[in-house]
Amino acid sequence: MSEKLFGTPLDVQDSWTRKVQRRSSWILPFLPLPAALLAYALLSVIQRPPAPANASEILSICNSLHEIPSVPQDFYSRTVSDRFVEGTKATFIRNATIWTGGRDGTELVYGDVLLDGGIVKALGYIPDQMLKGVKGRVNTIDAYGSWVTPGLIDLHSHVGMLSAPLLKGAFDVGSRNGPMVPWMRSLDGFNTRDDARVLAIAGGVTTGLVLPGSGNAVGGQAFPFKFRKTQERSPSSMLIEPPFNLNDTAREPGTPLRWRHMKHATGENQLRYGTRMDSTWAFREGYEEARKIKVAQDEYCAKAKAGLWNDIKGIPFPYSLHWEALVDVLRGRVKVNCHTYEAVDIDFLARLTNEFKFPLAALHHSHEAYLIPDVIKKMWGKPPAVAIFATNARYKREAYRGSEFAPRILADNGIKVVMKSDHPVLDSRYLAYEAQQAHYYSLPSNLALSSITTTPAIAAGLDHRIGYIREGYDADLVIWDSNPLVLGATPKQVFIDGIPQLENPHVNEKPAWLQKVPRTPDFEDEIKATLEYEGLPPLTTKAKSKNVLFLNVQSLWTRQGDSIQPSFQAESANSSVVIVTDGKLSCFGDKGSCATASRVSYDVVDLKGGSISTGLTTSGAPVGLQEIPSEASTNDGALFDPFVGVPPVLGDDGTSIFASDGLQLQGRDTLLAYRSGVTSSVSAWSAGSLFSDGVMFDGISVAFRTGAAHSLDKGAIIKSKAALHISISRSMFGSGPSVSTQIATLRRLLLRSPSDDAGNWFHKAALGEIPLVISVGSADLMANLIRLKKEVESETGSTMKWTFARASEAHLLANEIASSGISILLTRPRLFPTQWDDKRIIPGPPLSADSAISTLLKHNITVGLGTGENWEARNVRFDLAWAALDSGGELSLPEVLKLATVNMDHIFDIERGDGHLDDLVAFEGGTALDLESKVVAIISPEREVVELF
């Protein structure tokens, strides 16, 4: 049946139109001008084919093609948020110090905040009339001067996609179906049951941009989620401003478009598909396909708008469900976030964006971005923000030049800085810690706080409603127990859409001095060196001296027996000194009592009110055994699994594998730890890692000095055979041995009668001659191991020296662990339910009054504070400070210092005598636990030297 328009078949109408056109066109040149114009107009009407029935739909699509997302004109006149939950009471926060995010992060308002209808109704001075409007349905909070900020925004999160605890059935972070999958959507894999969601809120994170993984060049579409639980309990109900084309969501006439979000990735993660050249071609090929569709759409619409319906008759609007998201990228409707690290990859992105003319919202990770700011400025449109870690680097080759000074350098070059978690790479709960570290390493305070609030909001295109505290903005904000840039700052309350998220929060009162923005050390020389050496500045000491006079010393903390005690604490640092002669303490205290010998020449170091304390020890990460974890050629290599078999040279038990034989010193993570006051490490291979699937034997650890040049250096090896290390874990992927098999094997190794006692290290452990460190998370497994310990001790008559490392659920067995004489090595100081064995953590403030550390110490358990990865070793002193703050004042400075000194020696049975040969660390501007202090020297009595930085 012929299609009919105006009652005339199209084929007949077309024939008639052509005849009229052919027979009438010769008349026009001979008509007077007005008549000719009239005739031409009549002919145009006659010649133009009638519009099809769906013409209005086609023209509507065409008219919308060049729309760009924008804010509705009446947005700030709204009285209720689109996310408001009926029945939510208003909240009146009094006497607050309000950081609004305005004026580039410098605006402070002292006063009140009123939240109602899911939005900020007013701040500063609140008129009585406005308060009368909420009378009878308002909760009042007196902030007593506490800091209030916008809710934190994590621009790079996988909450809900790599769920905690990590289970195979919820491993939805990315597609395995090729390099280009723009049609994938993180929303479709978002797990609302992720335990990390509640933990993130407890850290003040209210919104996260949940991205697909980085295993594809174009990994798919991302979505911003607000993390509060909804009545609907669905992923869709947690979205903030989802695009209207999501599942055909209706868009009211006149309503602007909303931003979409996309994940791209370059670099090493794409090598699974070939080389960098392969992945860059995949990008260009994909975008060329999208460009062709865009051009076809524009040409189609040009004809439709011109009324040339015959030219597009029977042709559908050019569209591809596979490529429509990339077409929207080319139309400027998508915030593109790209995982990228090195100059080569960032340079490619600059070329790609200019070739296809689309902007990037943010570069993520980008460990070399600070070295090439001019390349970033060449991106099409405007320079993207750079979303980075504070100190997490060197875990793979393309992250090797990462620098703690990157945020400051980028900001100096006019590049917007975002601090992010890449959760669960870092726990999103501690997003504020990333900003705190960035500030410590010289990022200005206004930009540091903006990096987790306003700047990510801008990058996500949501800065019209989140990222600031302003009238009409979403009621997402945090009340803090201290300045949010102070180490250990913890939310007193978190609001999302005006709804308080913390039920009965546990809050520790903190002193007034923690309400101030921390003073940052002077790192100008280090920043210059970082740029001069392109991210790899020398980390060895600037100078060495035997005789040093330290001026303006506030305190000196040294080992005295089984404790750390002050050798002196000065009322005024200006009158106190510490003198080191031939590398050893020779005098300390008042200047008058430490008259220097005239025959000795001293180098002078002004500590500016700083402190000297015993060097710290770390354990848990393979510090000194690997340089770049993902590069086998930079590491000791793989351990042999006793369940598979061992080389004959190792004996029938395969345990004669010594970490000391694999030591490689002067590595960057090792030296960074040393320069941060961690002067020794006890290292073994961490074979029992997340994806080890039951690998049990981790070798025999070595205790060594992190500042040593090599293993033959004087004092380099503290204890060559520190402990025997094993891991007991469940197999995530089902390929490893059962837990009962692992424990049965351990029982056999501990109880058998060896033919060569001298070489059987399990037998030595059974006799208590060497500590046994067992990496284990589950309380159930620890209970079974405690039974095994009693069984073996009953059989041998010996007392074994056991330590549970990792020990995520140890607090559940604190009494039993204490009575069994077992120590604890927490390799994750702030616990996280990574695996099923870690599920029952004690989260600490504000979700619980106690932390794991405080709970275990209350039971008189020897606790050591370790680290899980090499790069974390430099931050041990910050972890100690955090533990003290979380304890609410219950842990004093000497008690906290024991966690990384005396207690570590106890765990690994290290004898240091009376401590007179301990390395000592000199801090300028504060103590070992200050976020304001800086290591300037290390005193090494055993080596008779002072190393100056």
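Here the structure is a predicted model, which means the values were calculated and not measured.

Looking at the secondary structure, you find P424 in the loop between β15 (417-419) and α12 (431-440). Looking at P424, the relative accessible area reads 27%, which means it is partly exposed. Placed 292 residues apart in sequence, P424 and K132 show a C-alpha to C-alpha distance of 45 Å. Excluding its chain neighbours within four sequence positions, the residues that come into contact with P424 are H158, L162 and F832.

Overall, the coordinates contain 56 salt bridges when judged by the stated rule. Measuring nitrogen to oxygen at the nearest pair gives 3.2 Å for the salt bridge that ties D195 to K839. Within this pair, whereas D195 is found in helix α6 (residues 195-202), its partner K839 is found in the loop between β33 (823-826) and α21 (852-858), the two being separated by 644 residues in sequence. Judged by relative accessible area, which is 25%, D195 ranks as partly exposed. Its relative accessible area of 34% is what places K839 among the partly exposed residues. We note a salt bridge from K934 to E526, for which the minimum N-O separation is 3.0 Å. Highlighted residues: K934 in strand β36 (residues 934-940) and E526 in helix α15 (residues 524-532), separated in sequence by 408 residues. Like K934, the residue E526 is buried in the burial classification. If you follow the salt bridges from partner to partner, you end up with R78, D82, R83, K226, R228, E241, R465, D474, D476 and D497 in one network.

So, on to the packing of helix α3 (residues 55-64) against helix α7 (residues 276-305). Their axes nearest at 10 Å, the elements α3 and α7 cross at an angle of 125 degrees. With respect to α7, the axis of α3 lies oblique. Crossing angle aside, the handedness with which α3 passes α7 is left-handed. Residue-level contacts link I58, L59, C62 and N63 of α3 to Y300, C301, A304 and K305 of α7.

What follows covers the packing of aromatic side chains. According to the stated counting rule, one finds 23 aromatic pairs in the structure shown. With a centroid separation of 5.8 Å and an interplanar angle of 90 degrees, the aromatic rings of W183 and W323 are classed as edge-to-face. Of this pair, W183 sits in the loop between β8 (152-157) and α6 while W323 sits in the loop between α7 and α8 (324-330); the two residues are 140 residues apart in sequence, bridging distant segments of the chain. By relative accessible area, which is 29% here, W183 ends up partly exposed. One aromatic cluster in this structure is built from F405, Y440, Y441, F523 and F878. Stacked on the ring of W761, the Lys or Arg K764 has its end atom at 5.1 Å from the ring centre.

A few words now on the sheet that holds β15. One open sheet holds the 8 strands; their spatial order is β8-β9-β10-β11-β12-β13-β14-β15, and the pairing between them is mixed. Strands at the two margins of the open sheet, each flanked by one partner only, are β8 and β15. Sheet twist, expressed as the mean angle between neighbouring strand axes with direction ignored, is 25 degrees.

With respect to the element layout, S366 can be found in the loop between β13 (362-365) and α10 (373-376). With relative accessibility at 2%, the residue S366 sits in the buried group. Setting aside its immediate chain neighbours within four residues, S366 contacts T340, Y341, V386 and I388.

Turning our eyes to something else, we now look at the confidence of the model for the protein chain. Detailed conclusions should not be drawn from predicted coordinates in areas where pLDDT is low. Taken over all residues, the pLDDT of the protein chain has a mean of 90, while the share at 70 or more is 91%. Here residues 1-31 scores under 50 on pLDDT; set against residues more than four positions off or in separate chains, the count is 30 contacts. Scored below 50 in pLDDT, residues 687-695 shows 26 contacts in the model against residues more than four places distant or in partner chains.

Attention now goes to unusual backbone geometry. The omega angle of the peptide bond from A164 to P165 is -10 degrees, so this bond is cis rather than trans. Summarising the element assignment, P165 is placed in the loop between β8 and α6. The peptide bond linking H423 to P424 adopts the cis configuration, its omega dihedral lying at 10 degrees. Look at D582: it is not a glycine, yet its phi comes out positive at around 55 degrees. Mapped onto the fold, D582 is located in the loop between β22 (576-581) and β23 (584-590). Take D582: its relative accessible area is 43%, and that puts it in the partly exposed class. At D909, a position not held by glycine, the phi torsion is positive, near 55 degrees. Among the secondary structure elements, D909 is positioned in the loop between α24 (902-907) and β35 (920-924).

This part is about the environment of S64. Within the element layout of this structure, S64 appears in helix α3. Once the C-alpha coordinates of S64 and L257 are considered, the two residues, 193 residues apart in sequence, prove to be 9.2 Å apart. Setting aside anything within four residues of it in sequence, one finds S64 in contact with R251 and R333.

As a further point, take the sheet that holds strand β26 (residues 678-683). Sheet architecture is open: 4 strands sit in the order β25-β26-β28-β29, paired in mixed fashion. A single partner strand is all that each edge strand has here, and the edge strands are β25 (616-619) and β29 (717-719). Between one strand and the next, the sheet's axes are offset by a mean angle of 30 degrees, whatever the strand orientation. Pairing geometry for β25 and β26, over 4 bridges, is parallel. Counterpart to S619 in the pairing with β26 is V682.

This part covers the state of the cysteines. Throughout the structure, instances matching the rule amount to 2 disulfides. Note that C62 is cross-linked by a disulfide to C301, the S-S spacing being 2.0 Å. Because the sign of the S-S torsion sets the handedness, a value of about -80 degrees for the bond joining C62 and C301 places this disulfide among the left-handed ones. Of this pair, C62 sits in helix α3 while C301 sits in helix α7, and the two are 239 residues apart along the sequence. The residues C62 and C301 share a single accessibility class, namely buried. In the protein chain, the cysteines engaged in disulfides, taken in order along the sequence, are linked 1-2, 3-4.

The rules behind the values
- Residues numbered from 1 in each chain as written.
- Predicted model: local features only at pLDDT ≥ 70, side-chain atom pairs only at ≥ 80, totals over all residues.
- Heavy atoms only, no water.
- Helix = DSSP H or I, 4+ residues; strand = E, 2+ residues; numbered from the N terminus.
- Buried < 20%, exposed > 50% of the residue type's maximum accessible area, 1.4 Å probe, protein only.
- Contact = heavy atoms within 4.5 Å.
- Salt bridge = Lys/Arg side-chain N within 4 Å of Asp/Glu carboxyl O.
- Axes fitted to C-alpha atoms, helices over the stretch in contact; angles between N-to-C directions.
- Parallel < 35°, antiparallel > 145°, perpendicular 65-115°, else oblique.
- Left-handed = near helix turned anticlockwise from the far one by under 90°.
- Phe/Tyr/Trp six-rings, centres within 6.5 Å; stacked < 30°, edge-to-face > 60°.
- Lys NZ or Arg CZ within 6 Å of the ring centre and 35° of its normal.
- Pairing = 2+ DSSP bridges.
- pLDDT = per-residue confidence, 0-100.
- Disulfide = S-S within 2.5 Å.

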